[in-house]
Amino acid sequence: MMRVRIESDGEKPALTELQDWLARDPKARTLPVTPVSMPGPTMGALDALEIVLGSAGDIANFAVGYAGWRLARAGDRARGARTLTFGGTTVDISHLDPEQLADLLRRLEAGNANDDAAQS
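What comes next concerns the included structure. (Residues numbered from 1 in each chain as written. Predicted model: local features only at pLDDT ≥ 70, side-chain atom pairs only at ≥ 80, totals over all residues. Heavy atoms only, no water.)

What to know about the nonpolar core
Quick reminder of the rule: We define a nonpolar core as any set of buried Ala, Val, Leu, Ile, Met, Phe, Trp, Tyr and Cys residues linked to one another through side-chain atoms lying within 4.5 Å. Partly exposed residues are those whose accessible area sits between 20% and 50% of the maximum for their type, while under 20% is buried and over 50% is exposed, using a 1.4 Å probe and protein chains only. Only runs of H or I of at least four residues qualify as helices and only runs of E of at least two qualify as strands under DSSP, and these elements are numbered from the N terminus. We call two residues contacting when some pair of their heavy atoms lies within 4.5 Å.
Counting residues in hydrophobic clusters, the biggest one holds 28 residues, and the most contacted among them are I6, L53, F62, L84, L101 and L105. Every element with two or more residues in this core is listed here: β1 (2-7), α1 (12-24), β3 (48-53), α2 (56-72), β4 (83-86) and α3 (98-119). Excluding its chain neighbours within four sequence positions, the residues that come into contact with L84 are V4, R5, I6, F62, T89, T90, V91, I93, L105 and L108.

Some thoughts on the environment of L53
Mapping L53 onto the fold places it in strand β3. Among the residues examined, L53 registers a relative accessible area of 0% and is labelled buried. Taking C-alpha positions, L53 is 5.9 Å from M1, a pair spaced 52 residues apart along the chain. Not counting residues up to four positions away in its chain, the partners in contact with L53 are M1, M2, V4, L31, D58, I59, F62 and L105.

Details of the side chain of D47
Positionally, D47 belongs in the loop between β2 (33-36) and β3. Using a relative accessible area of 14% as the deciding quantity, one classes D47 as buried. Each residue touching D47, except ones within four places of it in the same chain, is listed here: I6, E7, S8, K12, L15, V36, S37 and M38.

Structural notes on the sheet that holds strand β5 (residues 89-92)
The following threshold applies: Paired strands, as defined in this entry, are two strands with at least two bridges between them according to DSSP. Every angle, taken between N-to-C directions, lies between 0 and 180 degrees, and every axis is a line fitted to C-alpha atoms, over only the stretch in contact when it is a helix.
Reading across from one edge, β2-β3-β1-β4-β5 is the order of the five strands in this open sheet, with antiparallel pairing throughout. Of all strands in the sheet, those with a lone pairing partner are β2 and β5, marking the two edges. Looking at each pair of strands side by side, their axes are set apart by 25 degrees on average, direction ignored. Seen against the sheet, α1 touches β1, β2 and β3 and runs at an angle of roughly 30 degrees to β3. Against the sheet, α2 touches β1, β3 and β4, its axis set at about 145 degrees to β3.

Focus: unusual backbone geometry
We note that D9 has phi near 55 degrees; this positive angle belongs to a residue other than glycine. Examined against the element boundaries, D9 turns out to sit in the loop between β1 and α1. You will see that A81, though not glycine, has its phi angle at about 55 degrees, which is positive. Here A81 shows up in the loop between α2 and β4. By relative accessible area, A81 is classed as buried at 0%.

A closer look at the pattern of salt bridges
Basically, it comes down to this: When a carboxyl oxygen of Asp or Glu is within 4 Å of a side-chain nitrogen of Lys or Arg, the pair counts as a salt bridge.
In the structure shown here, the tally under the stated rule is five salt bridges. The partner of E50 in a salt bridge is R3, and the shortest N-O contact between them spans 3.1 Å. Of this pair, E50 sits in strand β3 while R3 sits in strand β1, and the two are 47 residues apart along the sequence. When its relative accessible area of 45% is taken as the criterion, R3 is described as partly exposed. Here R73 and E17 are joined by a salt bridge, their closest N and O atoms 2.8 Å apart. Placement of the pair is R73 in the loop between α2 and β4 and E17 in helix α1, with a sequence separation of 56 residues. Here E17 falls in the partly exposed class, since its relative accessible area comes to 29%. One salt-bridge network, held together by shared partners, links R3, R5 and E50.

Put into structure tokens, the structure is as follows:
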């Protein structure tokens, strides 16, 4: 199981739009998506989405859903929710197509599995 975080990048409404988009996407709507708020002056404001990807199918469904959302927001509205964090790795994913994003997620997951095995 892999938990990734999509951060607001200062554009908090983008996260709400992404969460709504994934909830309506025929394949991505089954993914567990949890809103994350950080304590501070904007208490209660959405700062990130945490998404649980449990299988290769989940990775592909998220990648296609995310890429579709980015495409639908092309132009000036394409800001925000571009940063993916997994463990200690943070990546700008706004320029990736679905295949590239899925490949990145698989590589991050494989690297994490290798790190876990090395620590055992």
